[in-house]
Amino acid sequence: MTDSNQSSQNKFQTIRHDTLAWKLFLVYDIFMMVIIVVNLVCLCANAFLMSNFGAWFFDQIHLQQVLQFYKTDLHPWVIKTESWFITFLIAELLIRWAISIVNKHHKRWFFFPFIHWYEVLAIVPYLRFLRLIRVAIIGYRLHELGYKVVPESIKNKALFYYSVVMEELSDRIVITVIDGVRHELDTSSSHKKIIHDLVDHHRELFARVLAEILQESLATELKAQQTVIADNVGQIVKQAIEDTPQLTQLLRLIPIAGSMIENQIQNIGQRLGENITNGLIDPLTNGTVQRPNATYQLISEKVSNLNIENHLLEELVESAVYESLESLRKQVKIKQWQLVLDKNDQAKQ
């Protein structure tokens, strides 16, 4: 839960809902919602009745006299009431602005028209549809207070279709951008520079990640296998001494102690191999994932600073870039709203 939601809930919790002022505020919100909806319905009906399609429709149902009555007697009143309603909206907006200044609802007195921009623009006749935003905000506020203005089923459908529209728009934008990038890489002679800049930009991150991977995987495995590796190296050294005929022949020239010396040399060689192996492995097992040892950091830095002015390496990087773009494109083309519909259909079955 975000801080804004928490503060909003705390605000609603601290306001007493049993006071007269609160009830008047609630009634006023509902009143504004109703008159805005009625006003928009009347304007839509007026637009239909005054259009050529409306004339054709009433001609088809043989009610031309009803349409004529509306045009001569009722239409002027619709125009007058719309003028009165716009005057009312202007006065209401100015009064609320004055109240916000007196009560210091905003940090600056001129913030109000910018915060309520949709109400200011909705006064313009050609932008009347913006009045629906205020209706939606009032409805949402009433819903947050527990008043189910909109049935749950209608609300869920509205949210679903809103997500459908937003997903389709965002998908088309993302796919267009990806296709544009691919076209630029295919046609532009500077695509190699773009790829090189991309690689150069991520060299430091690549070095850090590679060092952490080496520390986490290689160091852990070396530490687990250190005893086995040391024993194997010791056995190899011992076997190498045994397989050296010159040394064996030389030691056998020494009476009685020759074989004993040979065994001691073999044991010493075995221990020497084990100690050397442990000495080589110990520095590679030091460090942590957060702070890899110096050897892994050096390896990672050298690998990350490789010169990619190499044909095969350039092909590898280009292939990775193209496949990444294609994978992203495929993921974007998956219609999440379609998956939701399929899931709901399966639940119904």
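Residues numbered from 1 in each chain as written. Predicted model: local features only at pLDDT ≥ 70, side-chain atom pairs only at ≥ 80, totals over all residues. Heavy atoms only, no water.

**Re the overall build of the chain**
For clarity, the cut-off: The numbering of helices and of strands both runs from the N terminus, where a helix is a DSSP run of H or I of at least 4 residues and a strand a run of E of at least 2. The buried label applies to any residue whose accessible area, calculated with a 1.4 Å probe on protein chains only, is under 20% of its type's maximum; exposed applies above 50%, and partly exposed to all values in between. Any pair of residues with heavy atoms lying within 4.5 Å of one another is described as a contacting pair. Every accessible area reported is derived by Shrake-Rupley at a probe size of 1.4 Å, with residue values counting cover from the shown protein chains alone.
Of regular secondary structure, the chain possesses 15 helices and 0 strands. For the chain, the proportion of its 349 residues judged to be buried stands at 26%. For the chain, the share of sequence-separated contacts (at least 6 apart) that also reach a separation of at least 24 residues comes to 70%. Counting every atom, the chain has about 24,800 Å² of accessible surface; 65% of that belongs to carbon and sulfur.

**Topic: a nonpolar patch on the surface**
Heads up, the rule is: Residues forming no salt bridge and having over 30% relative accessible area are the ones grouped into patches, like charges within 9 Å of each other and nonpolar side chains (Val, Leu, Ile, Met, Phe, Trp, Tyr) within 5 Å. Salt bridge, as applied in this entry: a Lys or Arg side-chain nitrogen positioned within 4 Å of an Asp or Glu carboxyl oxygen.
On the surface, a cluster of nonpolar side chains totalling about 610 Å² of accessible area is made up of Phe48, Phe53, Trp56, Phe57, Ile61, Leu63 and Val66. The element that contributes the greatest number of residues to the nonpolar patch is helix α3 (residues 52-60), accounting for 3 residues. Mapping Phe48 onto the fold places it in helix α2 (residues 20-49). Residue Phe48 is classed as partly exposed on the basis of its relative accessible area, which comes to 30%.

**Things to note about the pattern of salt bridges**
Summed over the entire model, instances satisfying the criterion amount to 8 salt bridges. Arg271 is the salt-bridge partner of Glu274, the closest N and O atoms lying 2.5 Å from each other. One end of the pair, Glu274, and the other, Arg271, are both in helix α12 (residues 258-285), 3 residues apart, so they sit about a helical turn from each other. Taking the relative accessible area as the measure of exposure, Glu274 reaches 9% and is therefore buried. Take Arg271: its relative accessible area is 48%, and that puts it in the partly exposed class.

**Quick look at the confidence of the model for the chain**
For the record, the criterion: Confidence of the predictor at the level of single residues is given by pLDDT, which spans 0 to 100.
With 86% of its residues at a pLDDT of 70 or more, the chain shows a mean pLDDT of 79. Ignoring residues within four places in sequence, the model shows residues 1-13, a span with pLDDT below 50, making 6 contacts including any to other chains.

**A look at the nonpolar core**
Rule in force here: Note on terminology: a nonpolar core comprises buried Ala, Val, Leu, Ile, Met, Phe, Trp, Tyr and Cys residues joined through side-chain atoms within 4.5 Å.
Counting 11 residues, the largest nonpolar core is built from Leu26, Met32, Met33, Ile35, Ile36, Leu40, Phe85, Leu89, Val135, Ile138 and Leu142. Counting only elements with at least two residues in this core, the list comes to α2, α4 (64-103) and α7 (131-144). The biggest single contributor to this core is α2, with 6 residues. The residues touching Leu26, leaving out its near neighbours within four places in the chain, are Leu142 and Tyr147.

**Looking at the packing of α2 against α7**
To keep it simple, the criterion reads: Inter-axis angles, ranging from 0 to 180 degrees, are taken between N-to-C directions of lines fitted to C-alpha atoms, where helices are fitted over the stretch in contact. Should the near helix be turned anticlockwise from the far one by less than a right angle, the crossing is left-handed, and should it be turned clockwise, the crossing is right-handed.
Close contact between α2 and α7 brings their axes to 10 Å; oriented N to C, the two are set at 145°. Here α2 runs over α7; the crossing is left-handed. Between α2 and α7, the residues in contact are Phe25, Leu26, Tyr28, Asp29, Ile30, Met32, Met33, Ile36, Val37, Asn39, Leu40 and Leu43 and Arg131, Leu132, Arg134, Val135, Ile138, Gly139, Arg141 and Leu142, respectively.

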